[in-house]
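The primary structure of each chain is shown beneath.
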Amino acid sequence: MQNQPVHCVFHSGDIVDLSMDDMNVSADEEESRRRQVGDVISKLSVCAGGAPVYYIPGNHDPISMFSGWKALQATTSMVHKTLCRVTPSLVLAGFGGSVPGYLNGQQVWKSVPFQSNEEMQAELQPLLESICAERGPALTEHDSVIFISHVGPDGSDTALDRGDHGSPENAVHGGSTYWGKSISEQAVQSHIALNIHGHTHAGFGYTTI
C-alpha cells in the first residue's frame, strides 16, 4: 500500500471474530461490538491513505449489522443489500451473511443470520432483480457491477473448503446454492462482472463460472 495508490477497499465480512453461539447480547454489549467493527474499518481506511472502505457483515460480525446499521464515518460505507456508486461507471452491490455449510450432505457449519438457502433467497432475490431490471438513474446501461458477498456461490472452487478432507467430493460446501444457481444464469452474468466473496478461508483464489 505504501508503493501503490489505493482507490478503495472492499471488505467481504467477518470484520471481527464473534462466536455464532453468542449473538443475542445486551444493548450495551452490542454497542461495544459495534465500536470494535468501527475500529477495524477506521484502521483499514488509514492504511489505505484515507481511501473509501466498502464493507458487508459476515457471520462472525455483530447481528445489528444486518439491520439499521449507521455509517461509521464519512469515508466508509456499509453496503449490505444496497447499490453504491464507486466511480462514474462502476457500481458496487453488497450482500452479507452466511448459510449453513455441508460435508457429504451433513451440516457441519452454523450460519448467521440465514438458517437456510431459502431464507437467504428471500432477501437476496430482490437485490438481484433490481440489478437485472431495466436500467434507470441508479444503474445505467454503461455501468459495470461488482457484487461483494460474504458467502460465495455453491459450485465454485472458491466456496469449497477442502481442509483435511482432500478431494472436492469430500470438501465442505460453504457457498449458497441459490447464489450459485443465480450467478450461472446469463441474465445475471450480463449485469454482474465480478463477485468478490469471503467466508471460505481455504477457498482463496479465483475461478470462472
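All values derive from a computational prediction rather than experimental measurement. (Residues numbered from 1 in each chain as written. Predicted model: local features only at pLDDT ≥ 70, side-chain atom pairs only at ≥ 80, totals over all residues. Heavy atoms only, no water.)

Draft legend 1. Broad picture of unusual backbone geometry. Cis rather than trans, the peptide bond between Val-112 and Pro-113 has omega equal to -5°. Counting through the fold element by element, Pro-113 comes out in the loop between β7 (106-109) and α2 (117-132). The phi angle at Asp-14 is positive, at roughly 60°, despite the residue not being glycine. Here the phi dihedral of Lys-81 falls at roughly 65°; this positive angle occurs in a residue that is not glycine. (Helix = DSSP H or I, 4+ residues; strand = E, 2+ residues; numbered from the N terminus.)

Draft legend 2. Expanded view of the environment of Ile-63. With respect to the secondary-structure elements, Ile-63 resides in the loop between β2 (53-55) and β3 (76-78). If we skip the residues at most four places from it in the chain, Ile-63 touches Met-23, Glu-30, Val-112 and Pro-113. (Contact = heavy atoms within 4.5 Å.)

Draft legend 3. Structural detail: the sheet that holds β3. What the three strands build is an open sheet, ordered β1-β2-β3; its pairing is parallel. Unpaired on one side and paired on the other, β1 (9-11) and β3 mark the two borders of the sheet. In this sheet, neighbouring strand axes are inclined to one another by 15° on average, regardless of whether the strands run parallel or antiparallel. When β1 meets β2, the two strands line up parallel, connected through three bridges. Looking at β2, one finds that Phe-10 is bridged to Tyr-54. Sheet strands touched by helix α1 (residues 27-47): β1, β2 and β3. Its angle to β2, the strand with the most contacts, is close to 145°. (Pairing = 2+ DSSP bridges. Axes fitted to C-alpha atoms, helices over the stretch in contact; angles between N-to-C directions.)

Draft legend 4. Spatial organisation of the sheet that holds strand β11 (residues 192-197). With mixed pairing, the four strands of this open sheet are ordered in space as β4-β5-β8-β11. For this open sheet the edge positions go to β4 (82-87) and β11, each flanked by a neighbour on one side alone. Strand-to-strand twist across the sheet, computed as the mean angle between neighbouring axes with direction ignored, equals 25°. With five bridges joining them, strand β8 (residues 144-149) and β11 adopt parallel strand pairing. Within the sheet, the bridge partner assigned to Phe-147 lies in β11 and is Asn-195.

Draft legend 5. Spatial organisation of the packing of aromatic side chains. On inspection of all chains with the given rule, the structure shows three aromatic pairs. Judged by centre distance (5.7 Å) and plane angle (10°), the rings of Phe-95 and Phe-114 are stacked. You can see Phe-95 sitting in strand β5 (residues 90-95) and its partner Phe-114 sitting in the loop between β7 and α2, a full 19 residues away along the chain. For the pair formed by Phe-95 and Phe-114, the shared burial category is buried. (Phe/Tyr/Trp six-rings, centres within 6.5 Å; stacked < 30°, edge-to-face > 60°. Buried < 20%, exposed > 50% of the residue type's maximum accessible area, 1.4 Å probe, protein only.)

Shape descriptors only; they carry no functional weight alone.
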